[in-house]
Amino acid sequence: MQRRTFIKNSALSMATLPLGGLISLSPNAEASSEKTILQQTQKTLADSIHTIKKVPSVCLNCSTVCGINILVDDNKILGVEGNPLDPNSQGKLCAKAHGGVSAVSYPERIVYPLKRVGKRGEGLWQRITMEEAYDTIAKRIKKNLDAGEPEKVALHFGRNKMGDITNRFMNAIGSPVILNHRGLCSSNKRAANYTTIGDTSWETIDAKECKYFLNFGSNFFETHQGGLPLLKRFVEAKNNGAKLITFDVRLSNTAGRSDEWFAPFPSSEGAVALAMAHVIVQKKVYDKTFIEEWTNMSLKELDTFLKPYTAQYAAKVSGLAAKDIERIALEFASAAPACAAFTNRGSQAHQNGLNNDRAVIMLNALVGSIGQKGGYAYGGSKNKGHKSFPLPKPIPPKPKFTTDLEDPRLYPLANKWQKMRVSHLAFDKLINTKQKLDVYLSYTISAPQTWPEGPTVAVEALKDENVIGFHACSDVVYSEMAHYADLILPDATYFERYTIEGRNAYELIPYFALRQPAVQSPYDCENFADTLIKIAKRLGSPVAKYFEFDSYEAFIKLRLSTLPKREGLSGFEYMKKYGVWVEDKKKNYNSYNMALSPKKLQNSFVKEGIVYNKKGKAIGIMHNGVAKKGFKTPSKKFEIYSSTIESTAKSLQIEDDGLPHFEMPQSLKEILDNELVLTTFKWNVHTQARTGPQKYLSEIIHDNPIWINTQTAKKLNIKNGDMIEITSYRPKSGFRASSQNEVVASMEIKAFVTQGIHPQVLAISNSVGMGFGGRIPKAKNGSKRNNLSFPSYEDLDLRGNIWWDTSQGGTGNGVNPNSLIPINPAPLVGMQAWNDTICTIRKI
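What counts, and at which threshold
Residue positions are counted from 1 within each chain, in the order its sequence is given. Local features in this predicted model are restricted to residues whose pLDDT is 70 or higher, and side-chain atom pairs enter the listing and the counts only when it is 80 or higher, whereas totals over whole chains, interfaces and linings include all residues. Hydrogens and water molecules were not included; the side-chain quantities draw on all heavy atoms of the structure. One side-chain nitrogen of Lys or Arg within 4 Å of one carboxyl oxygen of Asp or Glu is enough to make a salt bridge. Strands here are runs of E lasting at least two residues and helices are runs of H or I lasting at least four, both read from the DSSP assignment and numbered beginning at the N terminus. Only protein chains enter the area calculation, which uses a 1.4 Å probe; residues under 20% of their type maximum are buried, those over 50% are exposed, and those in between are partly exposed. Should DSSP find at least two bridges between two strands, the strands are taken to pair. Geometry is summarised by axes, namely lines fitted to C-alpha atoms with helices restricted to the contacting stretch, and by angles between N-to-C directions that run from 0 to 180 degrees. In what follows, a contact means two residues having at least one pair of non-hydrogen atoms within 4.5 Å. Either an automatic procedure or a domain database provided the assignment from which the domain bounds are taken. The term buried area denotes the loss of accessible surface (1.4 Å probe radius) that occurs when two parts are joined, taken as the sum for both partners. Polar contacts, as counted here, are pairs of nitrogen or oxygen atoms within 3.5 Å of one another; within protein the pair requires one atom able to donate a hydrogen and one able to accept it, and residues that are adjacent in sequence qualify only if both atoms are side-chain atoms. In this count, Pro and Cys sit with the nonpolar residues alongside Ala, Val, Leu, Ile, Met, Phe, Trp and Tyr, while Asp, Glu, Lys and Arg are called charged and the others, Gly among them, polar. Space inside and on the surface of the protein is sampled on a 1 Å grid over the protein atoms alone, with a cavity defined as a set of points where a 1.4 Å probe fits but cannot get out and a pocket as an open set with protein on both sides within 12 Å along at least 5 of 7 lines; lining residues have an atom within 4 Å of a point. Grid points are joined across faces, edges and corners, and a volume is the space filled by probe spheres set on the points. Planes of paired rings set the category: under 30 degrees apart is stacked, over 60 is edge-to-face and the rest tilted, where pairs are Phe, Tyr or Trp rings (Trp by its six-membered ring) whose centres lie within 6.5 Å. Any Lys NZ or Arg CZ found within 6 Å of a ring centre and within 35 degrees of that ring's normal is scored as a charge over the ring.

A. Molecular detail of the pattern of salt bridges. Applying the stated criterion across every chain yields a total of 40 salt bridges. Notably, a salt bridge pairs Glu236 with Lys208, separated by 3.6 Å at the nearest N-O pair. Of this pair, Glu236 sits in helix α7 (residues 227–239) while Lys208 sits in the loop between α6 (187–196) and β9 (212–216), and the two are 28 residues apart along the sequence. The partly exposed category is assigned to Glu236, whose relative accessible area is 23%. Put simply, Lys732 and Glu670 hold a salt bridge, and the shortest N to O gap is 3.7 Å. Of this pair, Lys732 sits in the loop between β25 (723–729) and β26 (743–754) while Glu670 sits in the loop between α25 (666–669) and β23 (676–681), placing them 62 residues apart in sequence. Take Glu670: its relative accessible area is 36%, and that puts it in the partly exposed class. What you see here is one network of salt bridges that share partners, running through Lys243, Glu260, Asp324, Arg327 and Glu331.

B. Spatial organisation of the sheet that holds strand β17 (residues 511–515). Pairing in this open sheet of three strands is antiparallel, and the strands run β16-β17-β18 from one edge to the other. Where the open sheet ends on each side, the last strands, each with one partner, are β16 (499–501) and β18 (580–582). Across the sheet, the mean angle separating the axes of adjacent strands is 20° when strand polarity is ignored. Strand direction decides the pairing type here: β16 and β17, joined by three bridges, are antiparallel.

C. Geometry of the sheet that holds strand β5 (residues 114–116). Pairing within the open sheet is mixed, and its eight strands lie in the order β1-β6-β5-β15-β14-β13-β7-β8. Here the strands that pair on one side only, and so sit at the sheet edges, are β1 (22–24) and β8 (178–179). Across the sheet, helix α3 (residues 130–146) lies against β5, β7 (153–157), β13 (439–443), β14 (471–475) and β15 (487–490), angled at about 125° from β15, the strand it touches most.

D. Expanded view of the pairing of strand β4 (residues 76–82). In terms of burial, β4 is largely enclosed, as five of its seven residues are buried. With antiparallel pairing between neighbouring strands as the criterion, strand β3 (residues 67–73) and β4 make up a hairpin whose turn holds two residues, including Asp74 at a positive phi of roughly 55°.

E. Molecular detail of the domain arrangement of the chain. One can read the domain layout of the chain as domain 1 (3–16 + 24–101), domain 2 (129–185 + 387–501 + 517–578), domain 3 (198–381), domain 4 (595–628) and domain 5 (666–779 + 814–843). Counting residues at the interface gives 27 residues for domain 1 and 19 residues for domain 2. Taking both sides of the interface into account, the surface hidden between domain 1 and domain 2 amounts to around 1900 Å²; carbon and sulfur atoms contribute 64%. Applying the counting criterion to the domain 1 and domain 2 interface returns zero salt bridges. Summed over the shared surface of domain 1 and domain 2, the number is two residue pairs in polar contact (both at pLDDT 80 or more). Of all elements in the fold, only α1 (3–6), β2 (53–58), β3 and β4 reach the threshold of two or more residues within the side of domain 1 that touches domain 2. Looking at the side of domain 1 that touches domain 2, its residues break down into 19 nonpolar, six polar and two charged.

F. Layout of empty space enclosed by the protein. By the definition in use, this model includes five cavities of 30 Å³ or more. Its boundaries defined by the atoms lining it, the largest cavity holds a volume of some 750 Å³. In terms of lining residues, the largest cavity is bounded by 42 residues, among which Thr444, Ile445, Thr687, Ala689 and Arg690 are the most central. Breaking the lining of the largest cavity down by element, the ones donating at least two residues are α5 (182–185), α17 (447–450) and β14. Of the residues assigned to the lining of the largest cavity, the class counts are 17 nonpolar, 18 polar and seven charged.

G. Examining the packing of aromatic side chains more closely. Scanning the entire structure with this criterion turns up 38 aromatic pairs. Pairing Phe681 with Trp683 gives two aromatic rings, centres 5.2 Å apart and planes at 75°, and the pair type is edge-to-face. Accessibility assignment for this pair places Phe681 and Trp683 in one class, buried. Three or more aromatic residues joined by ring pairs make a cluster, and in this case those are Phe290, Trp294, Tyr378, Tyr592, Phe631 and Phe638. The ring of Tyr112 carries Arg127 above its face, with NZ or CZ at 3.7 Å from the centroid. Between the NZ or CZ atom of Arg566 and the centre of the ring of Trp581, over which it lies, the distance is 3.8 Å.

H. The pairing of β3, seen in detail. In terms of burial, β3 is a largely internal element, seven of the seven residues being buried. Going residue by residue along β3, you find Gly67, Asn69, Leu71 and Asp73 tucked away on one face and Ile68, Ile70 and Val72 tucked away on the opposite face as well. Of the pairings in the sheet, the one linking β2 to β3 comprises six bridges and is antiparallel in character. From the neighbouring strand, Ser57 faces β3, where its bridge partner is Ile68. In this sheet, β4 lies alongside β3 in antiparallel orientation, the contact comprising six bridges.

Put into structure tokens, the structure is as follows:
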């Protein structure tokens, strides 16, 4: 559908918002009084079967980034199907991929740039042009550059996926203040991989060939990064007799489909893993060759380290049976090397999460499954900054300084390998320290909804003009982040823009994919990357010289121009046609044991067994007289002992011998009989705040009662459906620690009584309970407000078919649990300890 016919073919005719017109987007503003409802017509796939066009692209409704073919007719998306050429997803998609289509024509989508004209957070806006928006932002930034204060300009994003241009922009203006969300997501897990095998991504289990899956806290049936490709291959392995053991405090979909499910006490996963390691060493069912040749500890040292961690010790800490811990350890070892022990948020989202995950990964080393067929594989990914598609020159230099906002000194491992930041501290720091921001650019982020203490601390900072002088927000809908902005930029959906994508390769062969626009963005909607390019050009020298291309599409073309031709097509043309580029390489097994090539060894030298190139960079290790690749660690071996962790801890005056010991977080260690542990979790149809406005996904999951164990509920006389009050408290160690049970927040919520959760644990799902974003996330039927910025389109389902609306007897849109969760960064890395929150409950 062309822009000129968009209004003509719409379901509801409303007055367009004129340029310069004022509108109120306050969540309490009245809906339109427009009563005329025209017949709603929609094209279907059946209607368009002969004219349909398939555009290969990549989904972005979660971080798994599966390949899709977008089905288009007359500039209208009719649906998606899996791209069978994607080596990871292999043509399979989940509900999120299909549900994402509704974001494109969501009637409450922001399609014009808007400038705040009332008080910040009041919700009064004026429509402006994109040219005015570019100029406004550029002038603000230029003022800081001229004053020699680039660090007062910050870029804060969630799942960005365009780091090639956002980093370029920030480097060009000289500001190091780039904030992301990784500290909320996976930084403990990544740090555990970095310190043991030196890999810069998640593990990539060779799942199809795996015989024994030992799962500590991963719900890969629903939400694991790379979950769908892992799930697909697990099903194949299961059909061939593989076994799945899951440790999780809650009966997730993965736990429920496991051969055995165990519910350990929260944060005790590391103790269980160490006890299994103890059994493996004591029973001598280890891989002696791998341990002696490829780890940095001897069997004698291992025996000494593991001596305290008996199955009986772990049983006492975790509440599991010692005999089960011993049995599973032996089963796991007997399946080697086709076995894998792996993790996710259940084990890592604790104050002790780094060592929990290191202990789990170590199990793979003990039985020799690292890099083996069917084992704990890694590598094989082709990241978005790969040398095969380099960044166009000239490349701006990185700033030579950092600030405590994006590089917190108390969490030195946060940025050692990748930029994992500790962004959940940013708003608190802006409020309580001297560091303030003059210009704050936010993109694909809704901190008030998704950050710990987001509804309080994030909102306080975003509202205060003395803390954040100017806030420009790029978003698809009127989110809570947009509500507290000074200027709103109408973003393109992922169906309307380019991106080079990479993911850990489950076929263990490097690949990458191209996201490309399938339809034209409506009205003034624009890819944020293109917005930054236009702002950069307005900033003039020296910033503009790094942006000598007219668009992000041109930038992507330049990046892919170095790829070799295939089928007579340039790299860009080939990627547009097929969507995926797979390298012509063998599977990445035993990469650490590969001999270095003569080219690599040219002008190299050896010192204390480590091979260095002529620049003095360690490139390998001598192994039985041959120069091998080894691991990307300081010792070039699998590191059970980490000198990096020991020295980093010492710099903070923390005692740590560099071994993955188990120590329970103080709050959990000292938990009282009347206290419980609050955890949060994701459903398979939601991703943070992104999916809330997508009607089919919110129709599936829109409510989130609190899970409580049957036994616990009985003691408190709580029945299914009862309303309870939950009160949460600050942790007893770490950030803002309190020994006096300082209250974080209280909330009323409905109880869901079930046997599928640990008796001392409560669980609330996230991604719902939104107060912004339109009628779908708020679960409110009604007419669209005629002053919204999508001037013409209406979805009649939103006028009476939101059956979960409380006015129609439905459950409503749930609650946002993040007001209950204290900001709680784990030591060294700064990962948010989502699962360490102590709380009490009472029946209302």
